[in-house]
Amino acid sequence: MINPNCCFIKEQFFIEHPHFQKMLDTSNTSKQSKRTHICIKIEMDSNIFYVPLRNNLGDAVRKFGRIGHSIPSKSRPNAGLDFRYALIINDSKYIEPHITQKLPNSQYKAISCAYHTIMQEFSVYLRGYKKAAAKGRADKEPLYRESSLVNFHKELQL
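This section reports on the structure supplied with the text. (Residues numbered from 1 in each chain as written. Predicted model: local features only at pLDDT ≥ 70, side-chain atom pairs only at ≥ 80, totals over all residues. Heavy atoms only, no water.)

Our focus in this paragraph is the environment of G58. In this fold, G58 is placed in the loop between β3 (47-54) and β4 (61-62). G58 sits 28 residues away from A86 along the chain, and the two C-alpha atoms are 17 Å apart. (Helix = DSSP H or I, 4+ residues; strand = E, 2+ residues; numbered from the N terminus.)

Okay, the side chain of N47 next. Along the chain, N47 turns up in strand β3. Side chain to side chain, N47 and N90 meet in a polar contact 2.8 Å long. A distance of 2.9 Å separates the side chain of N47 from the backbone oxygen of E155, its partner in a polar contact. Contacts of N47, omitting those with residues within four sequence positions, involve I42, I88, N90, E155 and L156. (Polar contact = N/O pair within 3.5 Å; in protein donor to acceptor, adjacent residues only side chain to side chain. Contact = heavy atoms within 4.5 Å.)

Moving on: unusual backbone geometry. The phi dihedral of K22 is positive, around 55 degrees, even though this residue is not glycine. Within the secondary structure, K22 is located in the loop between α1 (11-16) and α2 (29-34). Assessed through its relative accessible area of 31%, K22 is described here as partly exposed. In this structure, Q157 takes a positive phi of about 60 degrees despite not being glycine. Position of Q157 among the secondary structure elements: in the segment after α3 (105-134). Taking relative accessible area as the criterion, Q157 reaches 62% and is therefore assigned exposed. (Buried < 20%, exposed > 50% of the residue type's maximum accessible area, 1.4 Å probe, protein only.)

Strand β2 (residues 37-42) sits mainly inside the fold: five of its six residues count as buried. As defined by bridge partners, strand β1 (residues 6-9) adjoins β2 across two bridges and the pair is classed as antiparallel. Of the residues in β2, the one forming a bridge with C6 is I38. (Pairing = 2+ DSSP bridges.)

Here the focus is the side chain of D82. Mapped onto the elements of the fold, D82 is located in strand β7 (residues 80-82). In this view, D82 contacts V51, P52, R54, L57, I67 and G68; residues no more than four positions away in its chain are not counted.

Such coordinate-based values are descriptive only and should not be taken to indicate function.
Right, here's the structure in full:
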């Protein structure tokens, strides 16, 4: 059971953007390209967002707000999507869809069943980030200070 929204981001993307800040696995392009990302296409500023699946997200909702969406599996009970490290990649040449099964069926199923909810939750996170960034407060607010969206202000029209 492969989910069509799951993919890898090719190593070339990370090689071409070494200046990006607040990224997962900084300076390890090989590891970055092996991390599963979920494509979340939200019609906001005509961008395509990719949210990484992490083995140890922890609590998806923290005291300062929602940082992601829990997608546990038997072997990784704390796994989840981390909105803070979302990437905007509008060129499909950097995207490598899963063509063989990379995740347990339970995670693919959880992603499929909750996809609409995940999109809504991410949309709330994105609107909040844009509002905080427009006010110059994204680096001060706990929910956004680690956000990789800082690399995409042009795409977000900020």
